[in-house]
Amino acid sequence: MRHESMIYMRVPFLVLLLSSAVLHAGVTVEVGKNTGLRTWQWTHEGVSLRLVQRLPDQTRAYVMGKGFPRDVADELATSCFFGSMFRNDGRLPLDFDLGEWKVVHEGGTGRMKVREYWKEAFADRKEIPKSARIALNWSLMPTVQHFEPGDYNWGMTVYGLPPGEHFDLHLKIVLGGNPLETVIPGLQCAPETLEKPAS
């Protein structure tokens, strides 16, 4: 699955490492020097997951450009999208199912809004063009993946929370046949507006 075709909106940014702040085992945080957007990266034995905040307006413009009506675009834009990249630069095969990951917010636990969620949610929305549905599906990180050493993939992941909310992400992967669970704490959905850092 090294080169699965995906539509992915890249947002150029320069990052400033915040003194390599370790929030949890293998987690660092960066902030865009010009944008103020934050990036979290988890690493373990050569495996890494990188999550980059996306402003609601970035997602709104993207999905409207693909043909989604404004009301649906607003629903998507305020659902907490992150640009995401998973890499396996280690020595062991990797498997995961995003449907098993947990979003912990204000003491409650929810699930990520994966490809299958949006297919079902929009099943009866006749005003959404088929081309728009396909574009969204291919923009999102595949739900179930197997990576051999050297494989990688990217796309968007969705957490179903309002702009600006904080949450912890509980990961579950299988590395070399052995289950591994960990947490990326203190993630934050991008706010509706963000002041850019002073230059």
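Residues numbered from 1 in each chain as written. Predicted model: local features only at pLDDT ≥ 70, side-chain atom pairs only at ≥ 80, totals over all residues. Heavy atoms only, no water.

**Student:** With reference to specific residues and values, describe the pattern of salt bridges.
**Tutor:** Inspection of the entire model under this criterion finds eight salt bridges. Two residues, Arg87 and Asp89, come together in a salt bridge whose shortest N-O distance is 3.0 Å. One continuous salt-bridge network, built from bridges that share partners, spans Asp57, Arg60, Arg70, Asp74 and Glu192. (Salt bridge = Lys/Arg side-chain N within 4 Å of Asp/Glu carboxyl O.)

**Student:** Lay out the environment of Val104 in plain terms, naming residues and giving numbers.
**Tutor:** Tracing the chain through its elements places Val104 in strand 7 (residues 102-105). When the C-alpha atoms of Val104 and His170 are compared, they prove to be 7.5 Å apart, with 66 residues separating the residues in sequence. Once residues within four sequence positions are removed from consideration, Val104 is found in contact with Thr109, Phe167, Asp168 and His170. (Helix = DSSP H or I, 4+ residues; strand = E, 2+ residues; numbered from the N terminus. Contact = heavy atoms within 4.5 Å.)

**Student:** Any chance you could break down the packing of helix 1 (residues 56-65) against helix 2 (residues 70-77) for me, citing the residues and the numbers?
**Tutor:** Where helix 1 contacts helix 2, the two axes come as close as 8 Å, and the packing angle between them is 140°. Here helix 1 lies oblique to helix 2, going by the angle between them. Crossing of helix 1 against helix 2: the hand is right-handed. The segment helix 1 lies against helix 2, with Pro56, Thr59, Arg60, Val63 and Met64 engaging Arg70, Ala73, Asp74, Leu76 and Ala77. (Axes fitted to C-alpha atoms, helices over the stretch in contact; angles between N-to-C directions. Parallel < 35°, antiparallel > 145°, perpendicular 65-115°, else oblique. Left-handed = near helix turned anticlockwise from the far one by under 90°.)

**Student:** An account of the confidence of the model for the chain is requested, with residue identities and associated values reported.
**Tutor:** Scored by pLDDT, the chain comes out at a mean of 87, with 85% of its residues at no less than 70. Confidence scores differ between elements of the chain, with strand 1 (residues 15-22) showing the lowest mean pLDDT of 33 and strand 7 the highest of 98. Within the model, pLDDT remains below 50 along residues 1-24, and this stretch shows 73 contacts once partners closer than five positions in the same chain are excluded. (pLDDT = per-residue confidence, 0-100.)

**Student:** Account for the environment of Lys113, naming residues and giving values.
**Tutor:** Positionally, Lys113 belongs in the loop between strand 8 (108-110) and helix 3 (115-121). Between the C-alpha atoms of Lys113 and Ser79, which are 34 residues apart in sequence, the distance is 8.5 Å. Each residue touching Lys113, except ones within four places of it in the same chain, is listed here: Trp118, Val158, Tyr159 and Gly160.

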